[in-house]
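Single-letter residue listing:
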Amino acid sequence: MEAKKLDTKLKQLKLTVDRTGTIVESNQQDAIERHCATIKSITNSINEMRVAVEEIKIQAETDITEITAWNTEIDNKLAESDKVVEELRTWLDQRRKEKDNVARDEQIQFETMLFKTRMEFETKLASAKVETLTINKEGNLQEGYNKAKSILKDRYGKESEIIKSYVKDIMDLPYIHGANPKKIRDFSERLNHCVQALQTMNRLSQVNGNVAMTLDKLPGIRGDLVRTDPDWERWTFVQLSEAVRQWVKRNPVDQSRTDRDKDRQIKSFHAKSRECVYCGDVTHKAGNCTKITSVTERKQILARKRLCFNCAIGTHRAAECSSKGSCQNCGKRHHTSICDTSKVEGKEQVMTTNQSS
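Residues numbered from 1 in each chain as written. Predicted model: local features only at pLDDT ≥ 70, side-chain atom pairs only at ≥ 80, totals over all residues. Heavy atoms only, no water.

Caption draft 1: Structural view of unusual backbone geometry. Positioned with a positive phi, Asn 27 is a non-glycine residue whose angle comes to about 60 degrees. Here Asn 27 lies in the loop between helix 2 (20-25) and helix 3 (29-59). Here Glu 61, not a glycine, exhibits a phi torsion of approximately 55 degrees, which is positive. By the secondary structure assignment, Glu 61 is in the loop between helix 3 and helix 4 (64-128). (Helix = DSSP H or I, 4+ residues; strand = E, 2+ residues; numbered from the N terminus.)

Caption draft 2: How the structure looks around the packing of helix 1 (residues 2-18) against helix 3. Interaxial distance between helix 1 and helix 3 falls to 9 Å at its minimum, and their mutual angle equals 155 degrees. What the angle tells us is that helix 1 and helix 3 run roughly antiparallel. At the point where helix 1 passes helix 3, the crossing takes the left-handed sense. Of helix 3, the residues touching helix 1 (which contributes Glu 2, Ala 3, Lys 5, Leu 6, Lys 9, Leu 10, Gln 12, Leu 13, Thr 16 and Val 17) are His 35, Thr 38, Ile 39, Ile 42, Thr 43, Ser 45, Ile 46, Met 49, Arg 50, Val 53 and Ile 56. (Axes fitted to C-alpha atoms, helices over the stretch in contact; angles between N-to-C directions. Parallel < 35°, antiparallel > 145°, perpendicular 65-115°, else oblique. Left-handed = near helix turned anticlockwise from the far one by under 90°. Contact = heavy atoms within 4.5 Å.)

Caption draft 3: Just the packing of aromatic side chains, in detail. Tallied over the full model, the rule gives 0 aromatic pairs. Note that Lys 57 overlies the ring of Trp 70, its terminal NZ or CZ placed 5.3 Å from the centroid. (Phe/Tyr/Trp six-rings, centres within 6.5 Å; stacked < 30°, edge-to-face > 60°. Lys NZ or Arg CZ within 6 Å of the ring centre and 35° of its normal.)

Caption draft 4: A look at helix 7 (residues 181-200). An ideal rise of 1.5 Å per residue puts 28 Å on 20 residues; helix 7 measures up with 28 Å between its terminal C-alpha atoms. Taken together, the buried positions of helix 7 are occupied by Ile 184, Phe 187, Ser 188, Leu 191, Cys 194, Val 195, Ala 197, Leu 198 and Thr 200. Looking at where helix 7 begins, the residue whose side-chain oxygen comes 2.9 Å from the main-chain nitrogen of Lys 182 is Asn 180. Following helix 7 by one or two positions, Asn 202 has its phi on the positive side, about 60 degrees. (Expected span 1.5 Å × (residues − 1). Buried < 20%, exposed > 50% of the residue type's maximum accessible area, 1.4 Å probe, protein only. Polar contact = N/O pair within 3.5 Å; in protein donor to acceptor, adjacent residues only side chain to side chain.)

Caption draft 5: Main features of the side chain of Asn 71. Tracing the sequence through the fold places Asn 71 in helix 4. Classification of Asn 71 as buried rests on a relative accessible area of 13%. Residues contacting Asn 71, with those up to four places away along its chain left out, are Arg 50 and Glu 54.

Caption draft 6: View of the nonpolar core. If you look at the biggest cluster of nonpolar residues, it comprises 29 residues, and the most contacted ones within it are Leu 191, Leu 198, Leu 225, Phe 237 and Leu 240. For this core, the secondary structure elements donating two or more residues are helix 6 (159-171), helix 7, helix 8 (211-215), helix 9 (222-226) and helix 10 (237-250). Take this core: its biggest share by element is 7 residues, from helix 7. Setting aside its immediate chain neighbours within four residues, Phe 237 contacts Ile 170, Leu 191, Val 195, Leu 204, Val 207, Asn 208, Asn 210, Val 211 and Thr 214. Within the second largest apolar cluster, 20 residues are counted, among which are Ile 23, Met 49, Val 85 and Leu 92. (Core = buried A, V, L, I, M, F, W, Y, C linked by side-chain atoms within 4.5 Å.)

Caption draft 7: Geometry of the pattern of salt bridges. Scanning the entire structure with this criterion turns up 14 salt bridges. Linking Lys 182 and Asp 186 is a salt bridge whose minimum nitrogen-to-oxygen distance equals 3.5 Å. With a gap of 4 residues between them, Lys 182 and Asp 186 both fall in helix 7, about one helical turn apart. Note that Asp 231 and Arg 234 form a salt bridge whose closest N and O atoms lie 2.9 Å from each other. For Asp 231, a relative accessible area of 40% translates into the label partly exposed. (Salt bridge = Lys/Arg side-chain N within 4 Å of Asp/Glu carboxyl O.)

The structure is reproduced here in structure tokens:
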């Protein structure tokens, strides 16, 4: 009885395995997964039945060689079905990987599009100079931009005036003769801001004729900017702005050097402030100078050096001097070394002495 059930299962296994080709050709993943599970279920049942039949054969004292041959025949049939199951699993794994790759590509495309949209949004937001950009519930970027544009118009006036202000900013960009990274970085930031604003307002084409003139304001790096692009003569402001931005990226500002220059300037300033402003001697201060004693001559020296008449060291006007000091003789706002009060008092004292005698 058990042997007959086992034979039935073996026939069922063969029929199921023979249908594999047709099911795979259907290219239906769910059908293939079911088929794979069916084969596995039948093979498990066959293995259980074989154990039971083997026990019966042993009890019947069947020859061991015959039992071994019988087991080998069943093992071969199970091995064939196991191979089919393995091939089906490989096919299923491949399909899953393909789906994952497609999903990953779609996700990358979605994220790329999302990033691009966000950058466009942020550019329009920044160029419009508004803190909030209203977008409707459908996420209509154009409507949000139009809203920002109207806010900009209300705040800064007519669109034509706004455009003129950005064009003027481009035209007023300074000439930079050398290749100072900090100056060129500032130039790049101003240019990029104006270009983005005009591009957002669809008015950049109105000023593209001034690209060559703007490029000529950077003679120190002009060769670096155009060297790799044979079509640089047809550049728009977008291309020029990007070229300058890339140059700045390749030539960052050396902050440590900037700090050292500032320290050097401060030290130089303090060193000079210890010298006598009139004769240059470091052994005495300006108020104690014995080489240049004439107040008129001292004033002429300060004027020639364009120094402050109040502190005698700054290159600003006395009216703008931040020093809280004042003349030690008369208390007025001028340097003690150019005060005439002591001389006047001296003359008055001499006259008084002569009169009393």
